Each structure stands twice: as C-alpha cells, then as structure tokens.
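Descriptive structure summary
Residues per chain, in single letters:
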Amino acid sequence: MFREMGVDWGLAELEQHYSPDWFAVYRAARIPEERWDDADRVWRAYYSKHPSKLMSATRKVLAQLNKRHTLGLVSSGDRKRVSRQLRHFRLTRVFRTRVLGGDTEEKKPHPAPLLKALKEMKAEARQCVYVGDTPEDVEMARAAGVRAIAVLGPFPTEKRLRAVRPEILLNRLEELPGVLRELYGEART
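The text that follows walks through the structure, step by step, so that each part is easy to find. Computed from a predicted structure; not experimentally measured.

Turning to the overall build of the protein chain, a few remarks are in order. The helix and strand inventory of the protein chain stands at 9 helices and 5 strands. Across the protein chain, helices and strands are ordered from the amino to the carboxyl terminus as α-α-α-α-β-α-β-α-β-α-β-α-β-α. Rg of the C-alpha trace for the protein chain: 17 Å, near the compact-globule value of 16 Å for 189 residues, within the 12% margin. When burial is assessed residue by residue, the protein chain has 42% of its 189 residues classed as buried. Within the protein chain, counting contacts between residues at least 6 apart in sequence, those at least 24 apart form 54% of the total. Looking at the protein chain as shown, the accessible area adds up to about 11,500 Å², and 49% of this sits on carbon and sulfur atoms. If you average the places of the 36 positive and of the 26 negative side-chain charges in the protein chain, the two averages end up 8 Å apart.

Listed below in structure tokens is the structure:
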C-alpha cells in the first residue's frame, strides 16, 4: 500500500509508526489528507487478499472468559469488516457489546470508544479490564479509568507497547484467564 501511494516505507517504518488509527499512520507517512480515501481503498484491496486468522488459543480463551466474565469488544476496525470476521469465526455472540471503528467520532487512544462500551454494558470502569495489543489500547484504558492488560501479539508494536508500561503485560493470550483469577478470584464479573 505504501509503495502504491508513493511512500518509501518498509517494515521498520511501519513498526515505528504502527497504530490501529490508520489516519495516524497516514500522517506519519506524510500521505496528504486528501489522499487518505485512496490509501484506504488500496489498503482494503490488499487486506482482502489476506484472510484474517485467529491468534493461537483465541477461541479457547474466549470460551473460558465468557463463563466467568461479561465481554465487550472495542476495535478501531471498520464495522463492516469486523462484523464479517466475527460472523466468519462464529464469535459474534461472545460479546455483549461491540464498539467498532466509526461508532464514535474519536479514535483510540481517546477514551470515547471504551466509555461507550462501558455505558452500553452498564459497567463501572473500576470493575473492568481492557485487554489489548497496542500502546493505544493501554492509553485508552488508562484515560477511561479501566485497568489495562496488554498482550504481545503479531503486530509490530512490542517496543512501543513495553514503553507505555501496561499494568500487566502478557507474553501469550493463554495467560489471561489465570491472571484474571489472580486479580478477581472466582467471582463472576
């Protein structure tokens, strides 16, 4: 996508500037704002050729969590794309609420998407955790007053994720159910 947009970026530059807010990435790449729609079209065309895959153990972990916790989803991903992926992976019903890209005017790391999800779930921030894999996830959770748990994932964000110093940093998603038991005991939350 960068090459097609005339931007001389490789993986090193993407790792340095990766964000779930693609507008932030476009700004960092110095793509003029009037070309962002073109960049989105090119990105989506390339993205559609690479089917999404669940991270290892995702289904198992979500099933474990869903037995003891009420789950919500906050994603910067486009509503149409994320909804299609949830249906494809048969995960739509796992989440009580879903706040997706475009549901709020503000994007991560602004707390608005997470605050909207909390309101829809009738949940208090101090009783919740947000699990994410980008620095913006941690910043959003903090700004919303929610405990932030970060998971190292397949995205080029490890250095920046460590730098924002999440309260808890997991190497693997499979660690999450045990960490939540340690934090909250066996009570359903």
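Now, onward.
To continue, consider the side chain of Gln 85. Within the secondary structure, Gln 85 sits in helix H5 (residues 79-88). When sequence neighbours within four positions are dropped, the list of residues in contact with Gln 85 reads Tyr 47 and Ser 52.

Here we take up the pattern of salt bridges. Within the structure shown, the criterion is met by 10 salt bridges. Its salt-bridge partner being Glu 120, residue Lys 116 comes within 3.1 Å of it at the nearest N-O pair. Of this pair, Lys 116 and Glu 120 both sit in helix H6 (residues 112-121), 4 residues apart, roughly one helical turn. Judged by its relative accessible area of 31%, Lys 116 falls in the partly exposed class. Residue Glu 124 pairs with Arg 126 through a salt bridge whose shortest N-O separation is 2.9 Å. Looking at Glu 124, the relative accessible area reads 40%, which means it is partly exposed.

With that out of the way, let us pick up the sheet that holds strand S4 (residues 147-151). Strand order in the open sheet made by the 3 strands is S3-S4-S5, with parallel pairing throughout. For this open sheet the edge positions go to strand S3 (129-132) and strand S5 (168-170), each flanked by a neighbour on one side alone. Neighbour-to-neighbour, the strand axes of the sheet open up by a mean angle of 20°, direction not taken into account. Pairing analysis gives 4 bridges linking S3 to S4, with the strands arranged parallel. Bridging across to S4, Val 129 finds its partner in Arg 147. Sitting on the sheet, helix H9 (residues 176-184) is in contact with S3, S4 and S5, with an inclination near 155° to S4.

The next subject is the packing of aromatic side chains. Throughout the structure, instances matching the rule amount to 7 aromatic pairs. Judged by centre distance (4.4 Å) and plane angle (35°), the rings of Trp 22 and Trp 43 are tilted. Within this pair, whereas Trp 22 is found in helix H2 (residues 22-28), its partner Trp 43 is found in helix H3 (residues 36-48), the two being separated by 21 residues in sequence. Using a relative accessible area of 16% as the deciding quantity, one classes Trp 22 as buried. Here Trp 43 falls in the partly exposed class, since its relative accessible area comes to 28%. Ring geometry for Phe 23 against Trp 36: centres 4.9 Å apart, planes inclined by 10°, an arrangement best described as stacked. Remark: Trp 36 occurs in helix H3 and Phe 23 occurs in helix H2; sequence separation between them is 13 residues. Assessed through its relative accessible area of 29%, Phe 23 is described here as partly exposed. Aromatic rings pair up to connect Tyr 18, Trp 22, Phe 23, Tyr 26, Trp 36 and Trp 43 into one cluster.

About the thresholds
Within every chain, residues take consecutive numbers counted from 1 along the sequence as written. Selection of residues for local features in this predicted model requires a pLDDT of at least 70, selection of side-chain atom pairs for listing and counting requires 80 or more, and totals for whole chains, interfaces and linings are taken over all residues. Side-chain measures were taken over the full set of non-hydrogen atoms in the model, leaving aside hydrogen atoms and water. Comment: elements are numbered from the N terminus, with helices defined as DSSP H or I runs of at least four residues and strands as E runs of at least two. In this description the radius of gyration comes from C-alpha coordinates, and the expected globular size is given by 2.2 Å times residues to the power 0.38. Only protein chains enter the area calculation, which uses a 1.4 Å probe; residues under 20% of their type maximum are buried, those over 50% are exposed, and those in between are partly exposed. The criterion used for residue contact is that any of the two residues' heavy atoms lie within 4.5 Å. Using the Shrake-Rupley algorithm and a 1.4 Å probe, accessible areas are obtained, with residue cover drawn only from the displayed protein chains. For the purpose of charge, His is not counted, nor are the chain termini; Lys and Arg are scored as positive and Asp and Glu as negative. One atom stands in for each charge, and that atom is NZ of Lys, CZ of Arg, CG of Asp or CD of Glu. Here, a salt bridge means any Lys or Arg side-chain nitrogen found within 4 Å of an Asp or Glu carboxyl oxygen. Pairing between strands is defined by DSSP: at least two bridges between the two strands are required. Axes here mean lines fitted to C-alpha atoms, for a helix over just the part in contact, with angles spanning 0 to 180 degrees between N-to-C directions. Each pair of aromatic rings taken from Phe, Tyr and Trp, with Trp reduced to its six-membered ring, is defined by centres within 6.5 Å and is described as stacked if the planes are under 30 degrees apart, edge-to-face if over 60, and tilted in the remaining cases.

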